[in-house]
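Each chain, written out:
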Amino acid sequence: MKLTRAFYTRADVVTVARRLLGRLLVAPARDGRRVSGIIVETEAYQGPEDRASHAYGGRRTRRTETMYARGGTAYVYFVYGMYHQFNVVTSVADVPHAVLVRALEPIEGIDLMRRRRGGMGPGELTSGPGKLCIALGIDRRLDGADLLGDRIWLEAGRRVRPADIATGPRVGIDYAEDWVARPWRFWLRDNPFVSRARPPLVRPAGAIRSGRAPT
């Protein structure tokens, strides 16, 4: 069963990023098969105050406009001239919150994933945000797609216990000043499909700071 709109429109993007772990991301192939994977790593981005967010300071461009859609919309962008990144837009319309899906555990369509990834082994198919987009056939054509529709969606997946979740700083955001150290990256402990770059700070999931702006 697909996740409901209410799942995505929660006000706290950090909560959504944590609860996305264990969910099944599904991208149908053109021949009618399903290609899917369990989400094992995420990062929360809380625009417009988050200096690491594409929407920092209320920035609205052709690329970032999708972030201002209602929760449950796919935000797909192109980086480094070679990789796509898949994000889940959260909260209500005009609040630019999004969660980057960093890694998946392959579940369905693994043979197709391997062909798309040049014959890579299972551990390398989806263990990074660019890798998983290649493996699932995700590109800019899916930017703005409704995650309650039939182009790409998320299902309940498997249950994840709080004790299974680790958290630490996000990756590659040295420019984000005082937002660098916020523990808004989440991953499943000991899962072999998590991306290789792991943050140095590890805290119990219960110690996560709220994603809401400070008062």
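Residues numbered from 1 in each chain as written. Predicted model: local features only at pLDDT ≥ 70, side-chain atom pairs only at ≥ 80, totals over all residues. Heavy atoms only, no water.

A. Representation of the pairing of strand S2 (residues 34-46) in the model. Among the 13 residues that make up S2, twelve are buried, leaving the element largely enclosed by the rest of the structure. Judged from the five bridges that link them, strand S1 (residues 24-28) and S2 form a sheet pairing that is antiparallel. Note that in S2 the partner of Leu 25 across the bridge is Gly 37. In this structure, the hairpin formed by S1 and S2 is closed by a connection of five residues, where Gly 32 is found at a positive phi of approximately 95°. (Buried < 20%, exposed > 50% of the residue type's maximum accessible area, 1.4 Å probe, protein only. Helix = DSSP H or I, 4+ residues; strand = E, 2+ residues; numbered from the N terminus. Pairing = 2+ DSSP bridges.)

B. Region of the structure containing helix H5 (residues 129-136). Across the eight residues of H5, six count as buried, placing the element largely inside the fold. When we look at burial in H5, the residues that qualify are Pro 129, Gly 130, Leu 132, Cys 133, Ala 135 and Leu 136. Residues of H5 that are buried make contact with S1, S2, strand S4 (83-90), strand S5 (97-108), helix H3 (110-116) and helix H4 (122-125). The positive-phi residue at the C-terminal boundary of H5 is Gly 137, with phi of around 75°. (Contact = heavy atoms within 4.5 Å.)

C. View of a nonpolar patch on the surface. A surface patch of nonpolar side chains, about 550 Å² in accessible area, is lined by Phe 78, Tyr 80, Met 82, Tyr 83 and Ile 134. Tracing the backbone shows Phe 78 in strand S3 (residues 73-79). (Patch = residues over 30% accessible without salt bridge, like charges linked within 9 Å, V, L, I, M, F, W, Y side chains within 5 Å. Areas by Shrake-Rupley, 256 points an atom, 1.4 Å probe, with all protein chains shown as cover. Salt bridge = Lys/Arg side-chain N within 4 Å of Asp/Glu carboxyl O.)

D. Seen up close, the pattern of salt bridges. Per the stated rule, a full pass over the model turns up 17 salt bridges. Between Asp 31 and Arg 33 there is a salt bridge whose closest N-O contact spans 2.8 Å. For Asp 31, a relative accessible area of 52% translates into the label exposed. Note that Arg 102 is salt-bridged to Glu 43, the shortest N-O span being 3.8 Å. In this pair, Arg 102 is assigned in strand S5 and Glu 43 in strand S2, connecting sequence segments 59 residues apart. There is no split in this pair, since Arg 102 and Glu 43 are both buried. Residues joined by salt bridges that share partners form a network here, namely Glu 41, Glu 43, Arg 102 and Arg 185.

E. Broad picture of the confidence of the model for the protein. For the protein, the average pLDDT comes to 91, and 91% of its residues sit at 70 or higher. Predicted confidence is poor over residues 199-215, with pLDDT under 50, and the contacts of this stretch with residues over four places away or in other chains come to 41 contacts. (pLDDT = per-residue confidence, 0-100.)

F. Molecular detail of the nonpolar core. One finds Leu 25, Phe 86, Leu 136, Ile 138 and Ile 152 to be the most contacted residues of the largest nonpolar core, which totals 63 residues. Excluding residues that lie within four positions of it along the chain, Leu 25 makes contacts with Val 35, Ser 36, Gly 37, Ile 39, Phe 86, Leu 104, Leu 136, Ile 138, Ile 152, Trp 153 and Leu 154. (Core = buried A, V, L, I, M, F, W, Y, C linked by side-chain atoms within 4.5 Å.)

G. Up close: unusual backbone geometry. For the bond running from Gly 47 to Pro 48, omega is 5°, close enough to zero to count as cis. Looking at the element boundaries, Pro 48 is found in the loop between S2 and S3. Phi at Ser 91 is positive, roughly 65°, even though this residue is not glycine. One can find Ser 91 in the loop between S4 and S5.

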